[in-house]
Amino acid sequence: MDNEQKVKQFHEAIAKIKNELKKDVVGQQEVIDNVLIAIIAGGNVLLEGVPGVGKTRLVRSLGKTLNLPFSRIQFTPDLMPSDVTGADVIEKTDDGKMKTEFRKGPIFANLVLADEINRATPKTQSSMLEVMQEHKVTVGKNTYALAEPFFVLATENPIEQDGTYPLPEAQMDRFMFKLHMTFPTPEEIANIVLMTQITLDETANAVIDGETILAMRELAKTVPIIDDVLNYAVSLVSLTHPEIPNTSDTAKKYIKYGASPRACQALVTASKVRALMNGCYNVSFEDIDALAPAVLRHRIKINYNAINDKLDVDDVIEKLKQENKKSFSNKKK
Amino acid sequence: MFMSESFKRIKRKRLLLGVLKSFLLGLASGLGGVGIAFLVVTLGKFDFLWVFHLIIGLGLFFVVGVPIFIKEFPTDLKVAKKLDQDFSLKERVQTLVEYQNSDSVMSKLQREDTNERLRAIEKKSIKFKDILSALVVSIICLSIFASGLAVSLTMKADAQTPSQYVEEIFDYSQNRQNAMLELIKNVRDSKLDEETKENVAGRLEEFHAYVLEGERTVLEVKIAIGIAVAYVDMELEGVTSYREVHKEVARVNSGLADGIVATLTTYKQYSFQFSNFASLTSIYETIVSENELLTSAEKYFSKTEFTLAQIGVEDATHEQIKRNLETFCREANLYLTSTESENPEKPHALKDSFIALTRDLDAYKDKIDEFTDLVGVRAEIHEIFTAFHQSFSLAIDEEIYPSMLQQFIHNKLTEIFKLQSIDLPKITPDPVWSNDREQQEGENPENGGSGGGGGTGETLFPSDDVIYDPDQAKYVKYGEILAEHEAKMQEMLMSSDLPEELKKAILAYFQFIGTYNQKE
C-alpha cells in the first residue's frame, strides 16, 4: 500500500467512525474529534460531564464502531484493584492438584470504559496507573501485556462530589485529554429523545478494526513538525509552571503547579493526528492551540487566586496561550 | 534537496521586493534627511556647504538602506514564514523548507500539498501592502525634501539680491587702513586753510574710526562713506565755484574770464582721474606757481594785442608772438585737461612753450623801448600785467585747490573702498558755469544778475550764451545783440568828434570782440 492510499484510508476511516458515532451521539462534535485523536494517538481520555450528556454512550458506541473488545468498569468505592486488573485464583486441576491461575479482570480489553472513575478509592484508582501508561498489568510476580490498541476512556461527574476521590495527579497525567461534555442544546436534546424512542441500544456498526487504528497511529507519527511549532508547544507547557524563572505572569498568579513533560508529549502527538485528520501534513501552531485546553486542563492545578478571580482552568489556559503567542512572537523577532 | 519551483520564483520576487524596498527607503531617508538639513540650515541661517547635504543624503541612504536590505533579504525560512503568515498556510511552507531534505513519505505528501497551494498563490505572493509602507514613507520623505528645498531656494532667492550686498562684511584690511590714514595725512598736508583742513580731516577721521569700531557690512561702510563725503563736499564746495576767479579776471579782462574759468572747469572734470597726491600737488604747483607766466602771457595776448597794434609793432613780430602765445595756451589747456597729465613730457612741453613765448616777449620788449614817446603805453601794459597777475593768482589759489582736493578725496575713497563713482555724492557743479545755466536763469530771471556777471555788460560770452538786456528787460543771446551794439557803435563814431586814433581803437576792439566770439 502506498502512502497516498494510507492517507486516503486514514481519512476514510475517520469519516466512517464519525458517521457511525453520529447515529448514537447527538452533537458533541469537538469531543468526538478529540476522542478520536486520543485513540489514534494512543492516549487515554477522561470525559467529564454532568449525568446524561452521553459520556457512557459515546464510549460504548465507539467500542462498537472500532470493533474492539470493550469492557466497562463501574467504579465504586468498594471496587478493589483486583476487580479491575484481575487476580490469581487457586484452582484444582483435573488431577486434583492445586494451582494458581490468573483470572483477567475487565481491564483486559482494547477499549475500557472506566465509568465514574473518581468514585473508586485511590487504591483502586492507582491500579490503573501501570495499565494506562505501559499497557501492562502486574499481578504478583507476573506481568501481563494488554492487547493493542488499548484505551481507557474514563468518565467523571463534576457535580456529585460526595463520596468521590479526586484522581491523584499521577493518574491524571496518564490521561492524554480531559474533555468536557457540554450540556446539549434544546435541538440536540430533542434529537436525543427522538433517537432513544426507537431503541436504547447503540446502533453504530463496526467500521474499522484495531489493526487499522494501529496503522493510523503509525502514519500520524510521521507527520512532520517544525522546530518553531515544537518549541511553541514546549514553551506553552513551560509557561504553566509558576516555579520556573521568567515564566508567565498567569502561572505565577493563578497556577499552583504546572503540567508535566508528558503533557508536551501528548500535545505534540495529538497535534500530529489532528493535523492529519484536518488534511494537513504538518503540525501547525493552530493545532497546538486547539488541543492545549484538552491536554492541559487536568494537568495544571489552579490556586485560590484564580478561584477568587472567578477563573476556571480553561480561562487560565486561554491566558497562557495568549502569553505564549506574545512571548513566542517576541522571541522570533 | 526537494524545493518547489513555485517557492523559488516567489523567493526571487521577494528578493526583488527587498532590493526595491531597501533602495526606496534608503533613498527616501536620504532625501528626507537632506530636506530636514535644508530646513534647519535655512531657518537656522547656518553656513553649510552643499557637499555636507550630499554626505548626509548618501550617509542616510546607506545607513537606512543597507540594514533594511539585510532585514528584507529573503532567506528560505523568512519567505516561508511570510507566506504562511500572509496566506494562512498553517506552517506548511516552513515545514516544506525545514523538511526539504527529508525523503519520508509524509514529507513527500506534505511537499506536494504545499506545492499545490504555492502554485495557487504564486501570482499574488507579493501584496501591495508589502510595498505600501515603503511608498508612504517615501512620499513623506520626498515631501520633506521638496519642502526643505523649496524653503531653501525661496529664502535664498529672497535674500540673494540684498544679502550679498547688505550682509557681506566689509574687509577693512590693513592696506585700506593705511591708505585711509595716508589720505587723512594728505589732507592735513594740503594747502587748505587751517579751519577747512581740520574739518575735512576730522570728517575723514570720524569715518575711519567708525569703520574700525566694529564689524561693518559693505552697505554700512558705503553709507558711512557717502555721509563723510557729503560733509567733505559741504566743507569744500563753498570755495570751488570759480566765481571769484571769474570776477577777478573779468575785472581786468572780461573777455578772458570765461575762457579761464572754462579751462579750470574742464580741468576739474578731468582731474577726476587723478588719485595721486603728489601728482595733484604737482599740477597745482604748475598752475599756481607758473600762473604768473600763464596769466601774463594770456593777458598780453588778450589785452595788449590791441595796444601792440596801436603802437605799430611789426606784423611779423606780432604774428610770431601771437603764434607762441597760442601754442602755449593750447599746451596749457591740453596739460590741464588731459587724462595723461602725469606724463612727464607734458610739463616740459608746457615749459618749452612758455620759454618760447617769453623769448619773443623779451624781443618785443626791446623793440618797444624804441618808442620812447609811448611810455604811457608801456605803463599800461605793465599795469595790466601786474593787476591781472595778482587778482588771478589770488582767486585761483583760493578756489582751484579745494576743488582739486575735493576731487582727489573722491578719487582716493573710490580707490580705497573699491567704489563705483555712483556710490559717492556727485560734486555739485557751479550753477553759474553749468550747462543748464540758461534753463535755471530762464526759470528765475530775477536772480540772473548775480550769476557770473551775467547781464553786467562786462563779460564776453559765446554767441549762444545769454545775457541780460536792460533795454528789453530780459535775457537774450549774446550773438543776437552784438551786431546791434556794433551798429550803435558805428553810428556814434560817425556822429562824434572823436580823435581818429581813438576811433581806430574802438573799431579794433569791436573787431577783436567779433573774432573772439567767432573762435568761441
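A few points on the structure. Just so we're clear, the structure is a prediction, and the values are computed from it rather than from any experiment. (Residues numbered from 1 in each chain as written. Chains lettered and ligands numbered in written order. Predicted model: local features only at pLDDT ≥ 70, side-chain atom pairs only at ≥ 80, totals over all residues. Heavy atoms only, no water.)

## Observations concerning the overall build of chain B
Turning to step 1, where the next piece is worked out: Looking only at helices and strands, one finds 19 helices and 2 strands in chain B.
Turning to step 2, where the next piece is worked out: For chain B, the residues scored as buried account for 44% of the 520 residues in total.
Turning to step 3, where the next piece is worked out: Carbon and sulfur atoms provide 57% of the accessible area of chain B, an area that totals close to 28200 Å². (Helix = DSSP H or I, 4+ residues; strand = E, 2+ residues; numbered from the N terminus. Buried < 20%, exposed > 50% of the residue type's maximum accessible area, 1.4 Å probe, protein only. Areas by Shrake-Rupley, 256 points an atom, 1.4 Å probe, with all protein chains shown as cover.)

## Some remarks on the sheet that holds strand E1 (residues 44-49) of chain A
Pairing between sheet strands relies on hydrogen bonds along the backbone, with the strands arranged either parallel or antiparallel.
All names here are of chain A.
Turning to step 1, where the next piece is worked out: With respect to topology, 5 strands assemble into an open sheet ordered E2-E5-E8-E1-E9, the strand pairing being parallel. Two strands lie at the open edges of the sheet, namely strand E2 (70-74) and strand E9 (175-181), each paired on one side alone. Across this sheet, the average inter-strand angle for adjacent strands is 20°, counted without regard to direction.
Turning to step 2, where the next piece is worked out: Pairing of E2 with strand E5 (residues 111-115), which is carried by 5 bridges, proceeds in the parallel orientation. Across the sheet, residue Arg72 finds its bridge partner in E5, namely Leu113. (Pairing = 2+ DSSP bridges. Axes fitted to C-alpha atoms, helices over the stretch in contact; angles between N-to-C directions.)

## Notes on the pairing of strand E7 (residues 142-145) of chain A
Side-chain positions along a regular strand alternate between the two faces of the sheet.
All names here are of chain A.
Turning to step 1, where the next piece is worked out: Taken together, the 4 bridges between strand E6 (residues 136-139) and E7 define a ladder with antiparallel strand orientation. Bridge pairing links Lys136 to Ala145 in E7.
Turning to step 2, where the next piece is worked out: Hairpin connection between E6 and E7: a loop of 2 residues separates the two successive antiparallel strands, and Gly140 in this loop has a positive phi of roughly 60°.

## A closer look at the packing of aromatic side chains
Turning to step 1, where the next piece is worked out: Enumeration according to the criterion identifies 9 aromatic pairs over all chains in this entry.
Turning to step 2, where the next piece is worked out: With a centroid separation of 4.1 Å and 10° between ring planes, the pair formed by Phe102 of chain A and Tyr144 of chain A is classed as stacked. On the criterion of sequence distance, the pair formed by Phe102 of chain A in strand E4 (residues 98-104) and Tyr144 of chain A in strand E7 is long-range, its members being 42 residues apart.
Turning to step 3, where the next piece is worked out: Measuring from centroid to centroid gives 6.4 Å for Phe108 of chain A and Tyr144 of chain A, while their planes differ by 75°, and the two rings are edge-to-face. Of this pair, Phe108 of chain A sits in the loop between E4 and E5 while Tyr144 of chain A sits in strand E7, placing them 36 residues apart in sequence.
Turning to step 4, where the next piece is worked out: Directly above the aromatic system of Tyr231 of chain B lies the positively charged group of Arg203 of chain B, at a separation of 3.7 Å from the ring centroid.
Turning to step 5, where the next piece is worked out: Sitting over the ring of Tyr210 of chain B, Arg216 of chain B keeps its end group 3.9 Å from the ring centre. (Phe/Tyr/Trp six-rings, centres within 6.5 Å; stacked < 30°, edge-to-face > 60°. Lys NZ or Arg CZ within 6 Å of the ring centre and 35° of its normal.)

## Details of the nonpolar core
Proteins that are soluble and globular tend to have nonpolar side chains buried together.
Turning to step 1, where the next piece is worked out: If you look at the biggest cluster of nonpolar residues, it comprises 79 residues, and the most contacted ones within it are Phe10, Val35, Leu47, Leu58, Leu62, Phe177 and Leu296 of chain A.
Turning to step 2, where the next piece is worked out: Not counting residues within four places of it along the chain, the set of residues in contact with Leu47 of chain A comprises Val31, Val35, Lys55, Leu58, Val59, Ala154, Thr155, Glu156, Leu179 and Met181 of chain A.
Turning to step 3, where the next piece is worked out: Core analysis: the second largest hydrophobic core is formed by 28 residues, Met180, Phe207, Val211 and Tyr401 of chain B among them. (Core = buried A, V, L, I, M, F, W, Y, C linked by side-chain atoms within 4.5 Å. Contact = heavy atoms within 4.5 Å.)

## With respect to the interface of chain B and chain A
Turning to step 1, where the next piece is worked out: Contact residues are listed per partner, giving 14 residues for chain B and 22 residues for chain A.
Turning to step 2, where the next piece is worked out: Considering only the surface of chain B that becomes buried against chain A, Lys90, Glu91 and Met106 of chain B emerge as the three largest contributors, covering 37% of it.
Turning to step 3, where the next piece is worked out: Put simply, chain B and chain A have 2 salt bridges between them.
Turning to step 4, where the next piece is worked out: A salt bridge links Asp228 of chain A to Lys81 of chain B, with the shortest nitrogen-to-oxygen separation between them at 3.4 Å.
Turning to step 5, where the next piece is worked out: Put simply, chain B and chain A have 9 residue pairs in polar contact (both at pLDDT 80 or more) between them. (Buried area = accessible area lost by both parts, 1.4 Å probe. Salt bridge = Lys/Arg side-chain N within 4 Å of Asp/Glu carboxyl O. Polar contact = N/O pair within 3.5 Å; in protein donor to acceptor, adjacent residues only side chain to side chain.)

## Some points on the side chain of Arg216 of chain B
Residue and element names in this part refer to chain B.
Turning to step 1, where the next piece is worked out: With respect to the secondary-structure elements, Arg216 resides in the loop between helix H8 (194-213) and helix H9 (218-237).
Turning to step 2, where the next piece is worked out: Here Arg216 falls in the buried class, since its relative accessible area comes to 14%.
Turning to step 3, where the next piece is worked out: In terms of polar contacts, Arg216 uses its side chain to reach the backbone carbonyl oxygen of Tyr210, at 3.0 Å.
Turning to step 4, where the next piece is worked out: In contact with Arg216, other than residues within four places in its own chain, are Glu168, Ile169, Phe170, Tyr210, Val211 and Val221.

## Comments concerning a nonpolar patch on the surface
Turning to step 1, where the next piece is worked out: Together, Leu49, Trp50, Val51, Phe52, Leu54, Ile55, Leu58, Phe62, Val66 and Ile70 of chain B give the surface a local cluster of nonpolar side chains, amounting to about 1000 Å² of exposed area.
Turning to step 2, where the next piece is worked out: Residue classification places Phe52 of chain B among the partly exposed positions, given a relative accessible area of 36%. (Patch = residues over 30% accessible without salt bridge, like charges linked within 9 Å, V, L, I, M, F, W, Y side chains within 5 Å.)

## Section: the pattern of salt bridges
Turning to step 1, where the next piece is worked out: Using the criterion set out here, one finds 31 salt bridges over all chains in the structure.
Turning to step 2, where the next piece is worked out: One salt bridge in this structure joins Lys178 of chain A and Glu156 of chain A, with 3.6 Å as the shortest N-O distance. With Lys178 of chain A in strand E9 and Glu156 of chain A in strand E8 (residues 151-156), this residue pair connects regions lying 22 residues apart in the sequence.
Turning to step 3, where the next piece is worked out: Of the charged contacts, one joins Arg188 of chain B and Glu198 of chain B as a salt bridge, the two residues approaching to 2.6 Å between their closest N and O atoms. Taken together, the residues span a long stretch of sequence, with Arg188 of chain B in helix H7 (residues 174-189) and Glu198 of chain B in helix H8 at a distance of 10 residues.
Turning to step 4, where the next piece is worked out: Glu198 of chain B sits in the partly exposed class, given a relative accessible area of 43%.
Turning to step 5, where the next piece is worked out: In the salt-bridge network here, residues are joined through shared partners; they are Arg274, Glu286 and Asp287 of chain A together with Lys90 of chain B.

Taken by themselves, the reported measurements are silent on function.
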